[in-house]
Amino acid sequence: MTTICVLYPDLLGTYGDGGNALALAERARRRGVGVDVVEVRLNDSVPDASLYLLGGGEDGPQRLAADLLRGSSFVSRVQDGAKVLAVCAGLQILGLTFCVEGDDEYEGLGLADVVTSRGERRSVGELATRVNGQLLVGFENHGGRTTLHGGVDSLGAVVKGRGNDGTLDGYRTKSIWATYAHGPVLAMNPWFCDEILSGVTGLELDPLASVADRLYQERSRVLSS
Amino acid sequence: MKIAPDLVASLARGRTVILVSGTNGKTTTTSMIVAGWGGAVTTNETGANMPAGHAAALVESKSDHVALEVDEAWIPDSLVSTRPRVVVLLNLSRDQMDRANEVRHLAERWRKALEAHDDDDLVVVANANDPLVVYAAESRANTVWADVPTSWLADALSCPKCTLAISHVGSAWHCTCGFAKPAEVTTILGDELIIDGVSVDLELSMPGEFNRSNAAMALTALHGIDVDLEEAARRVNAIHSVVGRFSIRRWKGHVLRLLLAKNPSGFAAMMATLPEDQSDVWVAVNARLADGHDPSWLYDAPFELLRGHRVYCLGDRRLDLATRLDYGQVDFVVIDDDSTLPTSKGTVPLLANYTAFSDWLARSEP
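Residues numbered from 1 in each chain as written. Chains lettered and ligands numbered in written order. Predicted model: local features only at pLDDT ≥ 70, side-chain atom pairs only at ≥ 80, totals over all residues. Heavy atoms only, no water.

1. A few points about the overall build of chain A
And step 1. The secondary structure content of chain A amounts to 7 helices and 12 strands.
And step 2. For 225 residues, the compact-globule estimate of 2.2 N^0.38 gives 17 Å, and chain A sits close to it at 16 Å.
And step 3. The principal-axis extents of the C-alpha atoms in chain A amount to approximately 45 × 45 × 30 Å.
And step 4. Evaluated residue by residue, chain A yields a buried proportion of 59% over its 225 residues.
And step 5. Contacts in chain A between residues at least 24 apart in sequence constitute 69% of all its contacts with a sequence separation of at least 6. (Helix = DSSP H or I, 4+ residues; strand = E, 2+ residues; numbered from the N terminus. Rg over C-alpha atoms; globule rule 2.2 N^0.38 Å. Buried < 20%, exposed > 50% of the residue type's maximum accessible area, 1.4 Å probe, protein only. Contact = heavy atoms within 4.5 Å.)

Dropping the structure here:
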């Protein structure tokens, strides 16, 4: 049984981010792959899991989530091999520093050599990123400008929207997939959902046809036109 | 419309104004205030709830009694321009995040505007079960607190004052920082409605627990300007639909009940009203400007409530809806061509978000 842990949906889950766990669990279930989804709320401790999901949130909750994770076993579990999908505020929290409430710099968890400052304007709208030849589609809504240091790879190149800085979106490390696309990103991008599911379970997964394929084709067509 | 604030101020001067705001229930509650007040009431019934719409409504009708619904973001301006006798604050939850961005930020703006407002006679009628509303209204000395059922708490799990966890036990709630549900509630809605110690006969013609809450807020506002409660309740009870909402409509041989739901809390509330004996449900979702361009809220709404129904997916974003339902293990059919919709027995509930609702209201007949 693979455990997927949704971290603080009561703080980070503003933009339908709960849909990512739903898509992972359902795509696993249909293939007979055992997946257990657990939600960790504000007063819970962080359990052992193969994959942690972090969503987007507002400034105050984002700061609190960073503090709670700093005081938990989360960082050591990721360093020991657990994987993370981090969206929006989650992407910022895993870096070295991020900005909240104006330009106040706040310490991140340091799991990636990444710094987020306050962008000149808010990035709101559809986001499409080219990831290893495949299009990743979603919607972004954030005020950050994220810079990658020390050879950290981006997740992909922005085709539409802003992402980190107008050119690149998110980042990819051995244990982290990070993107500014909510959407939620795994529900809208079946291939990305399966890539993560495969990466976490170590299984080679057969294709799985569903209506999400039609949605993905439609959004890809709209966003790349 | 830059000149609107001054224009609204001059048009509103000397009139008795009630403002209504909140994420859900603005239009219905405003309609209830209009009906309950009785006689001619100036109002923005079509939902044009920003200064231009307010100015148009105030020009169109000369009645001294004014009930206006106000877009959440415009409350600070409207307080200053209309100088209301009563402001009704219903609830705050995630809605059209691509435009409004952050719901806690709205609560902060309401709070600052109410703190700064210099009219001590202003009566704020506020929902004591919504922590974000309480945060906005708690600084006023004469806030009237209403204890009305409020099911959507997903945006108030973290304290608006200190961000720690709010504990909700039954209808009570509190945070360790001391922020808590106000003790001095004077409107209480349970099986019966009590306003200021008086039992009010509430027998609505419209469905839904949320409409009972809206009516309780409307009647509390009217009580605040000394309208007779018994008379007002009788008139509110007689309302059957509000600008097409909850109305029975006909379209190509189908009989539909039109239900408007614009955001997760609205869908949650509306899905709870669906008849269990009707299998077919039509749901229409768009993501145009007035809806918000971002349909990610579909994953914040508990569509699992539709398990056991067959859902026909309509609207511009029917594939987003269908994908949401599919992941939620709800039986669905994507309708690319309306002529393929099967005729159902009896009345089919049609849930639609804002522009989809307008489309269906326009294409159907009474």
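2. Observations concerning the overall build of chain B
And step 1. Each helix and strand in chain B was counted, giving 12 helices and 17 strands.
And step 2. Taken against the 2.2 N^0.38 rule, which gives 21 Å for 366 residues, the C-alpha radius of gyration of chain B at 20 Å falls within 12% of a compact globule.
And step 3. Overall size of chain B, expressed as C-alpha extent along the three principal axes, is 60 × 50 × 45 Å.
And step 4. Looking at chain B alone, contacts between residues at least 24 apart form 67% of all its contacts between residues at least 6 apart.
And step 5. A total of about 14400 Å² of accessible surface is found on chain B, and carbon and sulfur atoms cover 50% of it.
And step 6. Mean positive and mean negative side-chain charge positions of chain B (33 and 48 charges, respectively) differ by 4 Å. (Areas by Shrake-Rupley, 256 points an atom, 1.4 Å probe, with all protein chains shown as cover. Lys, Arg positive; Asp, Glu negative; His and termini not counted. Charge placed at Lys NZ, Arg CZ, Asp CG, Glu CD.)

3. So, the confidence of the model for chain B
And step 1. When the pLDDT values of chain B are averaged, the result is 93; 97% of them are 70 or greater.
And step 2. Per the prediction output, this complex has pTM 0.86; the corresponding ipTM is 0.96. (pLDDT = per-residue confidence, 0-100.)

4. Some remarks on the pattern of salt bridges
And step 1. In the structure shown here, the tally under the stated rule is 28 salt bridges over all chains.
And step 2. Linking Glu26 of chain A and Arg29 of chain A is a salt bridge whose minimum nitrogen-to-oxygen distance equals 2.7 Å. Of the two residues, Glu26 of chain A and Arg29 of chain A both sit in helix 1 (residues 18-29), 3 residues apart, roughly one turn of that helix.
And step 3. A residue is classified by how much of its surface remains accessible, and Glu26 of chain A, at 4% relative accessible area, is buried.
And step 4. A residue is classified by how much of its surface remains accessible, and Arg29 of chain A, at 47% relative accessible area, is partly exposed.
And step 5. Between Lys161 of chain B and Glu138 of chain B there is a salt bridge, with its nearest N and O atoms 2.7 Å apart. Residue Lys161 of chain B is found in the loop between strand 6 (144-147) and strand 7 (166-169), and its partner Glu138 of chain B is found in the loop between helix 7 (131-137) and strand 6; the two are separated by 23 residues along the sequence.
And step 6. Judged by relative accessible area, Glu138 of chain B falls into the partly exposed class, the value being 29%.
And step 7. By sharing partners, the salt bridges in this structure join Glu26, Arg29 and Arg30 of chain A together with Asp326 of chain B into a single network. (Salt bridge = Lys/Arg side-chain N within 4 Å of Asp/Glu carboxyl O.)

5. Considering the nonpolar core
And step 1. Counting 138 residues, the largest nonpolar core has Leu7, Phe74, Leu94 and Phe192 of chain A together with Ile33, Val88 and Leu219 of chain B as the members making the most contacts within it.
And step 2. No other element matches helix 8 (residues 209-224) of chain B, which puts 7 residues into this core.
And step 3. Every residue in contact with Leu219 of chain B, bar those within four places of it in the chain, is listed here: Leu193, Ile195, Val200, Leu202, Leu229, Ala232, Ala233 and Val236 of chain B.
And step 4. Core analysis: the second largest hydrophobic core is formed by 39 residues, Val17, Leu89, Ala128 and Cys175 of chain B among them. (Core = buried A, V, L, I, M, F, W, Y, C linked by side-chain atoms within 4.5 Å.)

6. Some thoughts on the interface of chain A and chain B
And step 1. Taken together, the contact between chain A and chain B spans 39 residues of the former and 33 residues of the latter.
And step 2. For the pair chain A and chain B, the two sides together bury roughly 2900 Å², of which 56% comes from carbon and sulfur.
And step 3. Our count for the contact surface shared by chain A and chain B stands at 2 salt bridges.
And step 4. Residue Arg214 of chain A pairs with Asp336 of chain B through a salt bridge whose shortest N-O separation is 3.3 Å.
And step 5. At the junction of chain A with chain B, the criterion picks out 8 residue pairs in polar contact (both at pLDDT 80 or more).
And step 6. Contributing elements (two or more residues each) for the side of chain A that touches chain B: helix 1, helix 2 (59-70), strand 7 (114-131), strand 8 (134-148), helix 5 (185-188) and helix 7 (211-224) of chain A.
And step 7. Here the side of chain A that touches chain B is composed, by residue class, of 16 nonpolar, 10 polar and 13 charged. (Buried area = accessible area lost by both parts, 1.4 Å probe. Polar contact = N/O pair within 3.5 Å; in protein donor to acceptor, adjacent residues only side chain to side chain. Nonpolar A, V, L, I, M, F, W, Y, C, P; charged D, E, K, R; others polar.)

7. Topic: the side chain of Asn353 of chain B
All names here are of chain B.
And step 1. The residue Asn353 is located in the loop between strand 17 (347-352) and helix 12 (354-363) in this model.
And step 2. At 2.8 Å, the side chain of Asn353 and the backbone oxygen of Asn286 are in polar contact.
And step 3. Leaving out residues up to four positions away in the same chain, Asn353 has contacts with Leu260, Ala261, Lys262, Ala284, Val285, Asn286, Asp291 and Trp297.

8. So, unusual backbone geometry
And step 1. A cis amide bond links Gly183 of chain A to the next residue, Pro184 of chain A, at an omega of -15 degrees.
And step 2. Of note, Pro184 of chain A is situated in the loop between strand 12 (176-179) and helix 5.
And step 3. For Arg83 of chain B, which is not glycine, the phi torsion reads 45 degrees and is therefore positive.
And step 4. Looking at where Arg83 of chain B falls in the secondary structure, it is placed in the loop between helix 4 (75-82) and strand 4 (86-89).
And step 5. Notably, Phe246 of chain B is not glycine yet its phi reads approximately 75 degrees, a positive angle.
And step 6. With respect to the helices and strands, Phe246 of chain B occurs in the loop between helix 9 (229-237) and strand 12 (248-251).

9. Some points on the pairing of strand 6 of chain B
Residues and elements named next belong to chain B.
And step 1. As judged from the 3 bridges shared by strand 5 (residues 123-127) and strand 6, these two strands associate in the parallel manner. Bridge assignment links Ala126 to a residue of strand 6, and that residue is Trp145.
And step 2. For the handedness criterion, the β-α-β arrangement of strand 5, helix 7 and strand 6 is classed as right-handed. (Pairing = 2+ DSSP bridges. Right-handed = clockwise from strand over helix to strand, strands pointing away.)

10. Here we look at the state of the cysteines
And step 1. Evaluation of the coordinates by the stated rule reveals 0 disulfides over all chains.
And step 2. Sulfur of Cys99 of chain A: no disulfide; nearest cysteine sulfur belongs to Cys88 of chain A and is 14 Å away.
And step 3. Since its relative accessible area comes to 12%, Cys99 of chain A is described here as buried.
And step 4. Left without a disulfide partner, Cys162 of chain B is nearest to the cysteine sulfur of Cys175 of chain B, which lies 3.5 Å away.
And step 5. A relative accessible area of 25% means that Cys162 of chain B is categorised as partly exposed. (Disulfide = S-S within 2.5 Å.)

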